[in-house]
Amino acid sequence: MKNSKSKKQLNSKASIQKMRQRVDIMRTLASPSGFIKLYFKELGSKENGKPKYGNTEECFNHINQKHFDLFKVYKYCNYNSFKIAYESYIKPFSEPLAIS
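So, here's what we can say about the structure. (Residues numbered from 1 in each chain as written. Predicted model: local features only at pLDDT ≥ 70, side-chain atom pairs only at ≥ 80, totals over all residues. Heavy atoms only, no water.)

## Description of the packing of aromatic side chains
Tallied over the entire structure, the rule returns 12 aromatic pairs. Relative to Phe82, the ring of Phe35 has its centre 5.5 Å away and its plane inclined at 55°; by these criteria the two rings are tilted. Pair noted here: Phe35 is in helix 2 (residues 32-43) and Phe82 is in helix 4 (residues 79-94), with a separation of 47 residues, a long-range link. Overall, the relative accessible area of 0% leaves Phe35 in the buried class. (Phe/Tyr/Trp six-rings, centres within 6.5 Å; stacked < 30°, edge-to-face > 60°. Helix = DSSP H or I, 4+ residues; strand = E, 2+ residues; numbered from the N terminus. Buried < 20%, exposed > 50% of the residue type's maximum accessible area, 1.4 Å probe, protein only.)

## Side note on the packing of helix 2 against helix 3 (residues 56-71)
In a pair of packed helices, the angle between the axes and the distance between the axes together describe the arrangement. Following both chains from N to C, one finds helix 2 and helix 3 inclined at 130°, their axes separated by 10 Å at the closest point. When the interaxial angle is binned, helix 2 and helix 3 end up oblique. Seen along the crossing, helix 2 lies across helix 3 with a hand that is right-handed. Packed against helix 2, whose contacting residues are Phe35, Leu38, Tyr39, Glu42 and Leu43, the element helix 3 presents Thr56, Cys59, Phe60, His62, Ile63, Asn64 and His67 at the interface. (Axes fitted to C-alpha atoms, helices over the stretch in contact; angles between N-to-C directions. Parallel < 35°, antiparallel > 145°, perpendicular 65-115°, else oblique. Left-handed = near helix turned anticlockwise from the far one by under 90°. Contact = heavy atoms within 4.5 Å.)

In structure tokens, the structure reads:
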């Protein structure tokens, strides 16, 4: 009886941990900045010493699909719309500040 109870507790803890991870990724993907940060994190990731993705668009498609799987809607309609959003996101950071 005790073994059964401890297995249920372990399963429950694992389920809670999995749900927390899901919520964390949803929070990340919900904002444009989070999506972009995850994109660049994934873009730099490797599997067996080789880049995980063949190109930047493949990486984008993976992240955009992850967004769809969680929210049932794509964050960006295609890679070009993502690039436009990214350029508008970084523009305020790349322009020099006006000093008067």
